[in-house]
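An overview of the molecular structure
Below, each chain spelled out in residue letters.
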Amino acid sequence: MKGRRASLELEEVSVLFGGQTRALNGLNLRVGPGERVGFVGPSGAGKTTLLRLLSGTQRPTSGAVRFNSQDIKQLSLGQLREVRRRIGTIHQDLSLVPNLRVLHNVLAGRLGGRSILGSARLMLFPPPQDVERVHEILEMVGIADKLYERTDRLSGGQRQRVAVARALFQEPSVLLADEPVSSVDPARARETVELLVDISQRAGLTLCMSLHNLELAREFLPRLVGLRDGVAIFDRPTDRLDDRDFYSLYELENRESTDVAPIPRFRVV
Amino acid sequence: MWLPSLASVWSESAWLRAWRSGIGWRGLVIGALAVAGLWAAVVLDLDPRDLVPGPGGLAQGKEFLSRAFKPALTYEADFVPEGTQPLPFKVLKAVRTTVIFAAAAISLAVLGGLILGSLASTAWWFEDPAGGSTRLRRVFLRSVAPVVYGGTRVLISLMRSVHELLWAVLFLAAFGLSNFAAVIAIAIPYTGTLAKVFAEILDESPREAAAALRAAGASPAQVFLFGLLPQALPDISAYAFYRFECALRSSAVLGFFGYPTLGYYLAASFENLHFGEVWTYLYALIALVLVVDWWSGALRRRFVA
């Protein structure tokens, strides 16, 4: 895999939905090239919105999102597509086309930047070297024998590997994963996180992953960002976090008593 | 002074109570439909006794129905000219012509339906939540897209609102008995119907995969072709097959205007009171529709199951 490296940066980013619901509130974040970061926090904390910002599919209401120091808001649609091509995303719902074969779902990862004719050729008459590459990637994620299987005939765990394979076939510089283990059993969850971390490490990809499972997050990701109510509660190397940090992240009473004991806000840039 | 106010309070509360106790919108709609039905019956002077046939009609009806079990295999006419091909061949030829007209019309209609259906689908115009930044695209989404969308919808409605038989009458008057006129007469309303349903199928298809392709840098056309269309295709082809069945019936009926499809021979036999032949042609049409139904079912099982 090519070692094209990329950094991501958020500066004072807020996202409002419907003019009032605040998904993210003045968030600052910098993820360097090849860094591996986990986003943890309760449901509704803004993890998915954060990943959508990083993938260039969500506009910030205020603040700036930067890919390799270029503000995504300033890009033309063509340039934006170019940026998106370099960001591979594994979506929470996997977002595969169920009635296509595994091969075609993976091939679709590399549509970006092709003409309509070129993409029709890729999807309908894929060149042997592309099929070969898809096979290699499927081998890496452990489902090489499913190349010509229809995607909706696969198990949840296998489908997830298809989604991973599609993101990898894209040859991205950044890998984003939104709760990649929410739909698989614990043993599979461990394997999947390990796989994503391992691939990112070997290929020098920047990896951002949101995880409900704190245990896995602490074991595999060297840096964790704790989100709550759209605010970063902490952003530190994992070895400098302890149980109290996670306790405060999930503690329910804090919601009512913010006036008395405000949640500490860390601003790390 | 207190009288009207009391009355208004009473009526208001009575209405409200009746409304809350379950009349509601559903009750209102059902009531309105019942009233409309009764009114229509009165206006049309509907009388069930009109359905009782006269003695002559009863005899003819009996004869017609009794021939259902004895369809003709040879001509019923007293005199058949020398060299006339046997009846089964004539039926098969009529079936073939019916299929050819229907197939020609439906191929045009599917093509047109796909194009117009795509344009009339909102899936095509969905806004990129991060990409509305360029002025050109904003202008496109705010003014060009709605005009194309609305214009296509109107065009589709116009095509659909005139029945294929009326189109046929129109084209007969304009071009005479030309095969192309017959094909176009079926194809126009069918294009409209297919386009409308295709658009709805596209709109109802899941958009997650499409959003994922967009997030990977695919252009709107690519997103549509490879993220959205594949999921809609099974339903689209199933509906196209159903419309092919309908086109077979339409094509048969076009025979009443003189095209050599099943309807032409059916009408001729009926007018000569050759009821056995009528049943032969009817059974041929039924068999044709059943075969197409079986064929489309087999294809669907292969693609969808």
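As the structure is a prediction and not an experimental result, all values here were calculated from the model. (Residues numbered from 1 in each chain as written. Chains lettered and ligands numbered in written order. Predicted model: local features only at pLDDT ≥ 70, side-chain atom pairs only at ≥ 80, totals over all residues. Heavy atoms only, no water.)

1. Some thoughts on the overall build of chain B
The line we're drawing: A helix here means a DSSP run of H or I that spans at least four residues, while a strand means a run of E at least two residues long, and both kinds are numbered starting from the N terminus. For each residue, the accessible area found with a 1.4 Å probe, counting protein chains only, is set against the maximum for its type, and the residue is called buried under 20%, exposed over 50%, and partly exposed in between. What makes two residues a contact is simply this: any of their non-hydrogen atoms within 4.5 Å. Each accessible area is a Shrake-Rupley estimate made with a 1.4 Å probe; only the visible protein chains count as cover when residues are assessed.
Within chain B, the regular secondary structure consists of 10 helices and zero strands. Written out in order from the N terminus, the α and β elements of chain B read α-α-α-α-α-α-α-α-α-α. Counting all 305 residues of chain B, 39% fall into the buried class. When contacts within chain B are restricted to residue pairs at least 6 apart in sequence, those whose partners lie at least 24 apart make up 74%. Roughly 17900 Å² of accessible area belongs to chain B as shown, and the carbon and sulfur atoms make up 71% of that amount.

2. Quick word on the packing of aromatic side chains
Rules: Pairing of aromatic rings covers Phe, Tyr and Trp, the last counted by its six-membered ring, and requires centre-to-centre distances within 6.5 Å; plane angles under 30 degrees mean stacked, over 60 mean edge-to-face, and any other angle means tilted. Two conditions define a charge sitting above a ring: the NZ of Lys or the CZ of Arg must be within 6 Å of the ring centre, and it must be within 35 degrees of the ring normal.
In total, this model carries 13 aromatic pairs over all chains according to the counting rule given. Consider the rings of B:F64 and B:F275, whose centres lie 5.2 Å apart with planes at 80°: the pair is edge-to-face. One end of the pair, B:F64, is in helix α2 (residues 55-66); the other, B:F275, is in helix α10 (residues 275-304), with 211 residues separating them in the sequence. Ring pairing ties together the aromatic residues B:F64, B:F270, B:F275, B:W279 and B:Y283, which thus form one cluster. The ring of A:F169 is capped by A:R110, whose NZ or CZ atom sits 3.8 Å from the centre of that ring. Looking at B:R243, its charged tip hangs above the ring of B:Y190, at a distance of 4.2 Å from the centre.

3. Describing the pairing of strand β1 (residues 8-17) of chain A
Residues and elements named next belong to chain A. Put simply, the test is: Strand pairing follows a simple DSSP-based rule, namely that at least 2 bridges must link the two strands.
The pairing of β1 with strand β2 (residues 21-31) spans seven bridges and is antiparallel. From the neighbouring strand, L16 faces β2, where its bridge partner is R22. Here β1 folds back onto β2 in antiparallel fashion, the turn holding three residues, of which G18 has a positive phi close to 60°. As defined by bridge partners, β1 adjoins strand β4 (residues 62-67) across five bridges and the pair is classed as antiparallel.

4. Quick word on helix α6 (residues 156-169) of chain A
All names here are of chain A. Where we set the bar: A helix is expected to span 1.5 Å multiplied by its residue count minus one.
Counted at 1.5 Å a residue, the expected span for α6 with its 14 residues is 20 Å, and the 20 Å between its end C-alpha atoms agrees. Counting buried positions along α6 yields 11 of 14 residues, so the element is predominantly enclosed. Every buried residue of α6 is accounted for by G157, Q160, R161, V162, A163, V164, A165, R166, A167, L168 and F169. One or two residues past the end of α6 sits E171, with phi positive at roughly 50°.

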